[in-house]
Amino acid sequence: MPSVDTRTHCPYCSLQCGIVLTAGARPATLRPQEDFPTNRGGLCSKGWNAATLLDHPQRLLQPLVRTVPGDRSSPLRPTDWDTALDLIADGIVATQEKYGRDGVGCFGGGGLTNEQAYAFGKFARVALRTAMIDYNGRFCMSSAATAGNRAFGIDRGLPFPLADLAETQAILLVGSNPAATMPPAMQYFDAGRAAGATHIVVDPRRTATAGGSSLHLQPVPGTDLALANGLLHLVIKEGLVDTDYVAERTRGFAAVKAGVASYWPDRVERITGVGVDQLLATVRGLAAADSAMILTARGAEQHSSGTDTAQAFVNLALALGLPGRPFSGYGTITGQGNGQGGREHGQKADQLPGYRKLADPAHRAYVAGVWGIDPDELPEPGLSAYEMLDRMGAEGGVRTLLLMASNIAVSAPDVNRVRDRLAALDLLVVSDIFLSETAELADVVLPTAQWAEEEGTMTNLEGRVIRRRRALPPPNGILDDLQTMKALADRLGRGSSFSADPVEVFDELRRASAGGIADYAGITYERIDAEDGVFWPCPTEDHPGTPRLFADGFPTADGRASFLRVDYAAPAETPDASYPYVLTTGRLMAQYQSGTQTRRVPSPAQSSVQPEAQLHPDLARALGVENADIVELSSRRGTATFRAKVSDDIRTDTVFVPFHWGGVSAANALTNPVLDPHSRMPAFKACAVNLVRLGNP
Ligand code: SF4
């Protein structure tokens, strides 16, 4: 077969770097697209090695079922698709007869294409008629999304193109380390810094991103809300509020002004550990610039007060008059490859396509019309991700779970409990490309296509809808997720409502999203090809798309953005005598999410990266720990072991661990599943732990 070049995108993070995949003769190879407008010729090590997984020897090539049906201690054995699909359909029918429709649940992922995410939401509501569907984006973007909807009436990660980062004169970056997580994006930060921009990074660790900044604030994890309120207090005190903007484009400032009055700098310093001089330098740096951006990410958002923390930074941005101004605004940096699109089209427990709401009668009627069903057939909103997982197998909980593109046995908080709940299910079905830690626990495992073997669209961190193009066929005998859903819907008597053709699914998604907040009606595959992606909202085929939001107003009833008073409360779990240190978690450059894919990459640059616990030399000395010792971390929920990485890049009271591993080094054996009351986001980024030295084998 002759080699053919296909322009497509990296399968991993939300930057969705453009690549050229050369397929035909195997193994396939890849190189970056020099002209794609986000990566402009750059790739990180994950992207460079992505093609090595296409022919990986551990790849799943046949469905697997238990040797003894219902006995998960018996080995998985290969079977044919009809046997596997019949078993799943029979299990769904049996569960719903015994426990009702909500006895079956669906769990999706931010790695699914828009077409797959849309189809999964529809599959749950139309084929299964269950309320129980949510996805791993609940663990990722939900707090910033909730805050964005409350403040601006819309949730789009960046309301401006990534390239604007190079043009702005000041950036306040909170809880993000793009130098490690998406290195090609650093070209925009670097260009801004070279042009004299002020970059202030907020992170408990001196990361590569923080190290290159103008100013690094190093707060206690979980105190960012107090920090933001303290900054706003100083903005008001220093007379730096953009009063015209606040009067003309916002509502609710008076209550917020009263609310931050008590955030005196010395009080904020006591809470956060950030000095008064640094607080002052931050507000003066932001206010002195003609253009400025405030960007948050998971470090600020994955807390029991994550939504209010994001809102506190929105309040700061509004007081400075940033959203809608050229090269300015508030944004959040999405993590997963299709974290943005995955939350727009119905995978969330409370949402229908186009960001329509399942609880809104008019929205229900519109989408039901597109789907050809009675609105009364649509279920009500279901449980959020962790709430659904927490009740699996229990009274009123789901008994059968269908899971796509997610590895919750590694990525969920308090993962030991989640593994126990998975064991209590009557039927667990996992679709994946490898035997992930979750697939190892399943009754039925379905092999699926990889990124280079399927057509579809993804929506990147800017809201740019791009095409994932098929460069080569999947191995013989593999169905992609659209085909699997169609085959199951056929067996459940709803097959006529489903298509396995991505173009047909995308056309239906366009109709279902038309008139919604995330309006894709004017986006076609042909336009994406011709324009290097199209930014939503894009209501008609002659609409140019919307790279920049808010220039002329906000999509709210009165066109204004909302200030909202938010107050600091300590993290749900703080250090005490038994668990005296703060644990925070994050990502490494060489690994991606739960590591199902990147831990299998044969490149030494990736496979040599091991799970390490980063701690300060002062703390290491006090505990008798030396670099490379084995240490055990314990929290109220579990234990995990890591090699110690002693470094003065971290606060003395804080320990950092990466979350890419399961087993004995599972960071999420430690994390706290307490939920943000608004977004239902777990508190991944701050809990209390103890640390002891085990030895140095
Ligand atoms: Fe680009 Fe992200 Fe892929 Fe790295 S992982 S190549 S930054 S899309």
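Residues numbered from 1 in each chain as written. Predicted model: local features only at pLDDT ≥ 70, side-chain atom pairs only at ≥ 80, totals over all residues.

## Some thoughts on the overall build of the protein chain
The number of helices and strands found in the protein chain is 24 helices and 30 strands. Taking 697 residues into account, the globule formula puts the C-alpha radius of gyration at 26 Å, and the protein chain, at 24 Å, falls close to it. With the principal axes as the frame, the protein chain shows a C-alpha extent of 70 × 65 × 55 Å. For the protein chain, with 697 residues in total, the buried portion stands at 59%. (Helix = DSSP H or I, 4+ residues; strand = E, 2+ residues; numbered from the N terminus. Rg over C-alpha atoms; globule rule 2.2 N^0.38 Å. Buried ≥ 20, exposed ≤ 12 C-beta atoms within 10 Å, placed from the backbone.)

## Thoughts on helix H4 (residues 142–152)
Burial within H4 is extensive, with 9 of its 11 residues counted as buried. Close packing links the buried residues of H4 with strand S12 (293–296), helix H13 (298–301), helix H14 (306–319), strand S13 (329–332) and strand S22 (561–562). (Contact = placed C-beta atoms within 7 Å.)

## A closer look at unusual backbone geometry
In this chain, tryptophan 536 is followed by proline 537 through a cis amide linkage whose omega measures -5°. Even without a glycine there, the phi angle at aspartate 532 is positive, about 55°. Note that aspartate 532 resides in the loop between helix H22 (525–531) and strand S21 (534–535). Residues other than glycine seldom take positive phi values, yet phenylalanine 550 does so here, at roughly 80°. Relative to the helices and strands, phenylalanine 550 resides in the loop between S21 and S22. On the basis of neighbour counts, which here come to 23 C-beta atoms within 10 Å, the residue phenylalanine 550 falls in the buried class.

## Overview of the sheet that holds strand S16 (residues 400–404)
Strand pairing in a sheet relies on backbone hydrogen bonds. The paired strands run either parallel or antiparallel. Ordered by their spatial adjacency, 7 strands build an open sheet running S5-S4-S18-S17-S16-S6-S7, and the pairing between neighbours is mixed. Unpaired on one side and paired on the other, strand S5 (76–78) and strand S7 (133–135) mark the two borders of the sheet. Across the sheet, the mean angle separating the axes of adjacent strands is 20° when strand polarity is ignored. Across 3 bridges, the pairing between strand S4 (residues 64–66) and S5 is antiparallel. (Pairing = 2+ DSSP bridges. Axes fitted to C-alpha atoms, helices over the stretch in contact; angles between N-to-C directions.)

## Comments concerning the confidence of the model for the protein chain
For the protein chain, mean pLDDT is 96; residues scoring 70 or higher make up 100% of the total. Taken over the whole predicted complex, pTM reads 0.96, whereas the ipTM for its chain interfaces reads 0.99. (pLDDT = per-residue confidence, 0-100.)

## Looking at the site of the ligand
The environment of the ligand is made up of 14 residues, and the closest members are Cys10, Cys13, Cys17, Cys44 and Gly47. Broken down by class, the residue content of the shell around the ligand amounts to 10 nonpolar, 3 polar and 1 charged. The residue makeup of the shell around the ligand includes at least three contributed by each of domain 1 (4–53) and domain 3 (143–333). (Near = placed C-beta within 6 Å. Nonpolar A, V, L, I, M, F, W, Y, C, P; charged D, E, K, R; others polar. Domains from an automatic or database assignment.)

## Examining the domain arrangement of the protein chain
For the protein chain, the assigned domains read domain 1 (4–53), domain 2 (64–140 + 340–535), domain 3 (143–333) and domain 4 (581–695). Counting residues at the interface gives 15 residues for domain 1, matched by 13 residues for domain 2. Among the secondary structure elements, those contributing two or more residues to the side of domain 1 that touches domain 2 are strand S1 (4–9) and strand S2 (18–23). A per-element tally of the side of domain 1 that touches domain 2 places S1 first, with 4 residues. A breakdown of the residues in the side of domain 1 that touches domain 2 according to their chemical character gives 8 nonpolar, 6 polar and 1 charged.

## Looking at the sheet that holds S13
Strand order across the open sheet formed by 5 strands is S10-S9-S8-S12-S13, with parallel pairing between neighbours. The two strands at the open ends of the sheet, each matched to only one other strand, are strand S10 (215–217) and S13. Across this sheet, the average inter-strand angle for adjacent strands is 15°, counted without regard to direction. Pairing analysis gives 4 bridges linking strand S8 (residues 170–174) to S12, with the strands arranged parallel. Bridge pairing in S12 links leucine 172 to isoleucine 294.

## A few points about the environment of alanine 180
For alanine 180, the position within the fold is in helix H5 (residues 178–181). The exposure class of alanine 180 is partly exposed, given the 17 C-beta atoms found within 10 Å. Residues alanine 180 and glutamate 626, 446 residues apart in the sequence, show an inter-C-alpha distance of 25 Å. Discounting residues that sit within four places of it in the chain, alanine 180 has contacts with Thr207, Ala208, Arg587, Leu588 and Met589.

## Describing the nonpolar core
In terms of nonpolar packing, the biggest core is built from 211 residues, with Phe313, Leu316, Val429, Leu633, Val655 and Val689 touching the most fellow members. Counting residues per element, this core draws most heavily on helix H3 (residues 114–128), at 9 residues. (Core = buried A, V, L, I, M, F, W, Y, C linked by C-beta atoms within 7 Å.)

## Remarks on helix H12 (residues 276–288)
Helix length check: H12 (13 residues) gives 18 Å between terminal C-alpha atoms against 18 Å at 1.5 Å per residue, within 8%. Burial in H12 covers these residues: Leu279, Thr282, Val283, Gly285 and Leu286. Projected onto a plane normal to the axis of H12, the buried residues spread over an arc of 160° and lie on a single side. Exposed side of H12, more than 90 degrees from the buried face: Asp277 and Ala288 are the residues found there. For H12, the secondary structure elements touched by its buried residues are S8, strand S9 (198–202), S10, helix H8 (224–237) and helix H11 (265–272). (Expected span 1.5 Å × (residues − 1). Arc of directions from axis to C-beta.)

## Considerations on the pairing of strand S27 (residues 654–658)
Taking burial as the measure, the 5 residues of S27 include 5 buried ones, the bulk of the element. Of the two faces of S27, the one lined by Thr654, Phe656 and Pro658 and the one lined by Val655 and Val657 are each fully buried. Sheet analysis places strand S23 (residues 581–586) next to S27, joined by 5 bridges and oriented parallel. The partner of threonine 584 across the bridge, within S27, is phenylalanine 656.

## Section: the environment of phenylalanine 550
Note: C-alpha distance between phenylalanine 550 and isoleucine 236 (314 residues apart in sequence) is 24 Å. In contact with phenylalanine 550, not counting residues within four places along its chain, are Phe152, Pro159, Pro323, Gly324 and Gly329.

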